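Per-entry structural report
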Amino acid sequence: MKRKLILYRSKYGSTKEYIKELADRIEGDCVISDVKKFSGNLKDYSIIILGSCTYMGRIMIVDFIRENKKILKSRKVYLFSVGLIPEDSEASRQSFELIPEEVRRNLLGYRKLPGRISVAKLNFFERMILKMTKAKLEDLVNYSHVGLIIDDLKESGILKGA
Ligand SMILES: Cc1cc2nc3c(=O)[nH]c(=O)nc-3n(C[C@H](O)[C@H](O)[C@H](O)COP(=O)(O)O)c2cc1C
């Protein structure tokens with residue numbers, strides 16, 4: 001039986017919102033967990049969807065991917081990241097390349113989805129970084145991007161309906 005697992009890392013919630021929307025649109029049983037709280041065994045799942053926020057050039061789930069790369073490269077894995085730097089920028093390409101090559105090569109697909117900054121929630125350190133980078137304080141979260149992930153999953157045969 002093909003078992004599906006969705007693991008995510010989200011500091012301020014926008015990635016988790018995308019995950020909820022995605023889970024609602026995936027048919028059939030699917031285990032969903034914050035990657036830090038996941039206590040199951042990756043080996044029990046044949047399909048693994050990973051979603052992660054990006055901070056300071058790092059797709060934050062990268063540590064988990066590194067620790068579990070042997071299993072992940074033998075599974076059907078889809079990855080998406082969330083951030084405010086556009087997907088086609090050099091910085092985003094560099095963040096993606098921090099993912100171990102053997103996992104990257106094996107991915108069913110990858111997308112970067114637009115995120116959100118809520119200044120009121122940020123700590124002092126994060127506010128200083130934002131001042132230095134002059135990042136725009138935007139809310140670009142848009143669930144239509146989840147539809148693109150669903151299309152990718154259909155095309156790769158993981159979901160029915162392509
Ligand atoms: C201190 C700080 C650093 C950030 N660094 C990046 C970055 O390197 N690349 C990027 O695309 N977005 C960056 N962002 C934007 C976040 O990825 C974006 O706010 C995202 O929606 C956060 O996801 P979360 O709400 O799930 O934590 C940064 C935001 C903050 C506050």
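A few points on the structure. (Residues numbered from 1 in each chain as written. Predicted model: local features only at pLDDT ≥ 70, side-chain atom pairs only at ≥ 80, totals over all residues.)

1. A few points about the overall build of the protein chain
A count of helices and strands for the protein chain gives seven helices and six strands. The C-alpha radius of gyration of the protein chain comes to 16 Å, within 12% of the 15 Å expected for a compact globule of 162 residues. Its C-alpha atoms put the protein chain at 50 × 30 × 30 Å along the principal axes. By the burial criterion, 28% of the 162 residues in the protein chain qualify as buried. Within the protein chain, residue pairs in contact and separated by at least 24 positions form 79% of the contacts whose partners lie at least 6 positions apart. (Helix = DSSP H or I, 4+ residues; strand = E, 2+ residues; numbered from the N terminus. Rg over C-alpha atoms; globule rule 2.2 N^0.38 Å. Buried ≥ 20, exposed ≤ 12 C-beta atoms within 10 Å, placed from the backbone. Contact = placed C-beta atoms within 7 Å.)

2. Concerning the site of the ligand
The local shell around the ligand holds 22 residues, among which Ser-10, Thr-15, Cys-53, Gly-83 and Gly-115 are the closest. Grouping the constituent residues of the shell around the ligand by class yields eleven nonpolar, eight polar and three charged. (Near = placed C-beta within 6 Å. Nonpolar A, V, L, I, M, F, W, Y, C, P; charged D, E, K, R; others polar.)

3. Focus on the pairing of strand S2 (residues 30–34)
Sheet topology places strand S1 (residues 4–9) next to S2; five bridges connect them, and they run parallel. By the bridge assignment, Lys-4 is partnered in S2 with Cys-30. At this point the chain moves from S1, through helix H1 (residues 14–25), to the parallel S2, and the crossover so formed is right-handed. (Pairing = 2+ DSSP bridges. Right-handed = clockwise from strand over helix to strand, strands pointing away.)

4. Quick notes on the environment of Gly-13
Along the chain, the position of Gly-13 falls in the loop between S1 and H1. With 14 C-beta atoms counted inside 10 Å, the residue Gly-13 sits in the partly exposed group. Sequence separation of Gly-13 and Val-31 is 18 residues, and the distance between their C-alpha atoms is 19 Å.

5. What about the nonpolar core?
Counting 31 residues, the largest nonpolar core has Ile-48, Leu-50 and Val-77 as its most contacted members. Counting only elements with at least two residues in this core, the list comes to S1, H1, strand S3 (47–55), helix H2 (62–67), strand S5 (76–83) and helix H7 (144–155). (Core = buried A, V, L, I, M, F, W, Y, C linked by C-beta atoms within 7 Å.)

6. Re unusual backbone geometry
Of note in this structure, Met-56 is not a glycine but carries a positive phi near 50°. Along the polypeptide, Met-56 turns up in the loop between S3 and strand S4 (58–59).

7. Regarding helix H6 (residues 124–133)
In terms of burial, H6 is largely open, as just zero of its ten residues are buried. Following H6 by one or two positions, Lys-134 has its phi on the positive side, about 55°.

8. Considerations on the environment of Tyr-18
Assignment of secondary structure puts Tyr-18 in helix H1. A count of 25 C-beta atoms within 10 Å places Tyr-18 in the buried class. Measuring from C-alpha to C-alpha, the distance between Tyr-18 and Asp-152 comes to 15 Å, with 134 residues separating the pair along the chain. Not counting the four nearest positions on each side in its chain, Tyr-18 is found in contact with Gly-51, Val-82, Leu-113 and Val-146.

9. A look at the pairing of S5
Most of S5 sits inside the fold, with seven of its eight residues counted as buried. Of the pairings in the sheet, the one linking S3 to S5 comprises seven bridges and is parallel in character. Its bridge partner lying in S5, Cys-53 is registered against Val-82. In this structure, S5 lies alongside strand S6 (residues 109–114), joined through six bridges in parallel fashion. Paired with Ser-81 across the bridge in S6 is Lys-112.

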